[in-house]
There are 2 protein chains.
Amino acid sequence: MSQSTRPSDRRVTITDVAKAANVSAATVSLALNGSLRISEATRQRVERCALSLRYQPNHAAASLRKQTTQTIALAVPDIGNPVYIEIARTVQQVARQRGYHLHLISTESQPSEEAHALGTLAHRSVDGLILISLRGASGLDSALRDVAGPVVIIGHLRDIVCDNVTVDSAAGAALAARHLWSVGCSQLAFINGAAGTWPSAERWRGVQNALLAANRTIPPALRVQEDFTLDGGYRAAQRLMTQGVHFDGLVCANDLMAIGAMRSLREHGVHLPEDMAVIGMDDIRECQVTTPPLSSVSLMAGERGRLAAQLLFDRLSGGEDGPPRQLTVSPVLMARGSTAPRQEPEAGVDA
Amino acid sequence: MSQSTRPSDRRVTITDVAKAANVSAATVSLALNGSLRISEATRQRVERCALSLRYQPNHAAASLRKQTTQTIALAVPDIGNPVYIEIARTVQQVARQRGYHLHLISTESQPSEEAHALGTLAHRSVDGLILISLRGASGLDSALRDVAGPVVIIGHLRDIVCDNVTVDSAAGAALAARHLWSVGCSQLAFINGAAGTWPSAERWRGVQNALLAANRTIPPALRVQEDFTLDGGYRAAQRLMTQGVHFDGLVCANDLMAIGAMRSLREHGVHLPEDMAVIGMDDIRECQVTTPPLSSVSLMAGERGRLAAQLLFDRLSGGEDGPPRQLTVSPVLMARGSTAPRQEPEAGVDA
DNA sequence: TTGAAAGCGTTACCAC
DNA sequence: GTGGTAACGCTTTCAA
């Protein structure tokens, strides 16, 4: 079976196949791309030749000629962050399903790297780009004008217009607060993430809305702000407990902080969830393995990825017309053990 | 400042810049690519023109001509798996640092998709490929012969020869067992993952080695096998506890199973880590948020990615000569609360 | 149904 | 130093 026929050194090109099949290069191209205007006989002959020569069309050449790369790019702020990975996963799924490749770019949240990502689009390395931007995609205004294809931004748009997918994280924060009340909490505390960021502003806004609507308050002593990390949550909870103000429900601006806070609470002898209900946001995997499992508000990362990809492919296939479209997905409550409904204290048995 | 100068519809090419700068296309190319044989004056002129025209070199054209894409591909079995993400992260780092782009392909462990990944290399979409293969890269033998560039495989090579990076997970399992003895365990149990897979075979082999060397045994009743999931671990632990054979240390073939097992143990009133030490493998993020934090054996995913990338770029830049190289990294113990050293029962105070 | 030829936008090898 | 010119490998008219 060693019908190798290897052309020694050189790559095998379309003309090699053409010669072997006794047709022109044009015919080979047509035949291999399934054109209907080729006789069944030649098609088969060509296919056999291509196979036995192990012909592989050169992608760069085809791209150059067709002016399309069959590739989209996804630029994420940090490839280590599971939330972005979740987005990447669904984007990859849609892309593959459409026969596209995926270029992954990690920007580390640096504007220079975001510009670089747009560069790949400008260079026509890719046909379209999905960009996840934290800082509200501000400096990209001009860069967006130079690119040679559609762009979809996931995250908050500061002042530019562009196809975009966001999640209503204010609504998510409100959802979290209301959930705590619904399981019987009477006084909430709130741990927010790094000041000055869009997510932290939004989440506080959401909590405020909920407070207003429920005619309740969170005194300043029960509002603390740290960065969005495990340690941040730990420190924040410690500070809350030194305030001397009683609270029995804790809303955290993300899960990492919530987990850190739970650790601190437990160290101070607070029983979860009996003494205190805790809820986070993001619904990361870790929620399922804490004790008790952490309730959270899913920000629908996967769904956002799917929608963004859809938006992008709409532009790619349907023609580029139409005004920018903004999609907003709604967060979803994931109730778990950390917010188990309160027992009425009538029949409580303390082990 | 609106020096737009936009050539209406058409993309701006190198000849546009050439005309604007009153030089030839060749000169533009040389100037922009930093050739030394261009006068400083022309270089600056060309650069200004390129900038003001917003010229972006076409990547496909350059690739076609240069026969290189400045892109490598990484094919992972499952983009949802944090272990592979960790690999992806370091590969991406090395790639960027070398000025290369990263193509990410998720194969879902399907041989057809692995072949597809190799296809991107054959099509010269990419210059090189790192392939993470679970099933020991068996059917790829012939496909590997057709590709147009270097391939590095992360994982076990069944019978093919190829640059490759593996981790000695047998050593890792032995490490886990020895660690449990060192913290005072006298009888171990072992929860293994899905039968018939390479990792499960290796890890059991490692435990056996350790047992042999320590002159100890794990009776069959204390060896169970489930799939590598949280639920698998949960079920496995349940089965262990119905055996009626006492054990005080539990080695799990991965962290997910260990976490599931911990949950089951706790539900049965077993105190961790006082009554039972538990250790997993992989060192996933979740280890840090369980109660107690789960000890684990890191399989050095990031390091493997880094090494694989290094191997690949050695081929890419240094010339393709040299026989296949096989690298094996050593696992590292990550001791945490779940394997806290045993208190001697003399001064124990039960709260 | 098939073939010839003209690009796609670069880079590289020559002359000048 | 700089400018022609010929590839790179493919697709796509347009004729035959």
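Further up the page is the structure itself.
Scoring rules and cut-offs
- Residues numbered from 1 in each chain as written.
- Chains lettered and ligands numbered in written order.
- Predicted model: local features only at pLDDT ≥ 70, side-chain atom pairs only at ≥ 80, totals over all residues.
- Heavy atoms only, no water.
- Near = heavy atom within 4 Å.
- Polar contact = N/O pair within 3.5 Å; in protein donor to acceptor, adjacent residues only side chain to side chain.
- Helix = DSSP H or I, 4+ residues; strand = E, 2+ residues; numbered from the N terminus.
- Least-squares fit on C-alpha atoms with pLDDT ≥ 70 in both.
- Contact = heavy atoms within 4.5 Å.
- Salt bridge = Lys/Arg side-chain N within 4 Å of Asp/Glu carboxyl O.
- Buried < 20%, exposed > 50% of the residue type's maximum accessible area, 1.4 Å probe, protein only.
- 1 Å grid on protein atoms, 1.4 Å probe; cavity = no way out; pocket = protein on both sides within 12 Å on 5 of 7 lines; lining within 4 Å.
- Points joined across faces, edges and corners; volume = space filled by probe spheres on them.
- Nonpolar A, V, L, I, M, F, W, Y, C, P; charged D, E, K, R; others polar.

## Remarks on the protein's contact with DNA strand C
Part 1: In the region of DNA strand C, 26 residues are neighbours, and T27 and R65 of chain A together with I14, S29 and R65 of chain B sit closest.
Part 2: Take the atoms of DNA strand C that sit within 4 Å of the protein: sugar and phosphate atoms are 66% of them.
Part 3: S24 of chain A is positioned such that a nitrogen or oxygen atom in its backbone is 2.8 Å from a phosphate oxygen of DNA strand C.
Part 4: Within the contact set of DNA strand C, a base oxygen lies 3.2 Å away from a side-chain nitrogen or oxygen of R37 of chain A.
Part 5: Broken down by secondary-structure element, the contributors of at least two residues to the surface near DNA strand C are α2 (25-32) and α4 (59-66) of chain A together with α2 (25-32) and α4 (59-66) of chain B.
Part 6: If one sorts the elements of the surface near DNA strand C by residue count, α4 of chain B sits on top with four residues.

## Considerations on the relation of the copies chain B and chain A
Part 1: Overlay of chain B on chain A (RMSD 0.1 Å): rotation 180°, translation along the axis 0.0 Å. Look at the turn and shift together and you get a two-fold axis relating the two.
Part 2: A symmetric contact is evident, with 100% of the interface residues of chain B recurring at the interface of chain A.

## Here's the deal with the pattern of salt bridges
Part 1: What the rule picks out here adds up to 28 salt bridges over all chains.
Part 2: Across the salt bridge formed by R96 of chain B and E113 of chain A, the nearest N and O atoms sit 3.4 Å from each other. Residue R96 of chain B is found in helix α5 (residues 82-97), and its partner E113 of chain A is found in helix α6 (residues 111-122); the two belong to separate chains.
Part 3: Residue R96 of chain B is classed as partly exposed on the basis of its relative accessible area of 28%.
Part 4: Its salt-bridge partner being D314 of chain A, residue R325 of chain A comes within 3.3 Å of it at the nearest N-O pair. Note that R325 of chain A is positioned in the loop between α12 (301-318) and β11 (326-329) and D314 of chain A in helix α12, a separation of 11 residues in sequence.
Part 5: What makes R325 of chain A partly exposed here is its relative accessible area of 29%.
Part 6: Salt bridges here are not isolated pairs; linked through shared partners, they connect D163, D314, R315 and R325 of chain A.

## Some details on empty space enclosed by the protein
Part 1: Taken as a whole and assessed by the stated rule, the structure comprises two cavities of 30 Å³ or more.
Part 2: Computed from the structure, the largest cavity encloses a volume of approximately 170 Å³.
Part 3: Surrounding the largest cavity, 15 residues form its lining, H59, T69 and S125 of chain A together with H59 and S125 of chain B being those nearest its centre.
Part 4: Sorting the residues of the lining of the largest cavity by element identifies α4 of chain A together with α4 of chain B as the ones contributing at least two each.
Part 5: Considering only residue class, the lining of the largest cavity consists of two nonpolar, 12 polar and one charged.

## Describing unusual backbone geometry
Glycine aside, a negative phi is what most residues show, and trans is what most peptide bonds show.
Residues and elements named next belong to chain A.
Part 1: Along the chain, T291 connects to P292 via a cis peptide bond; the corresponding omega equals -10°.
Part 2: Looking at the secondary structure, you find P292 in the loop between β9 (277-281) and β10 (295-298).
Part 3: A positive phi angle is found at S109, which is not glycine, with a value near 65°.
Part 4: Tracing the backbone through its elements, the reader meets S109 in the loop between β2 (101-106) and α6.

On their own, these measurements won't tell you what the molecule is for.
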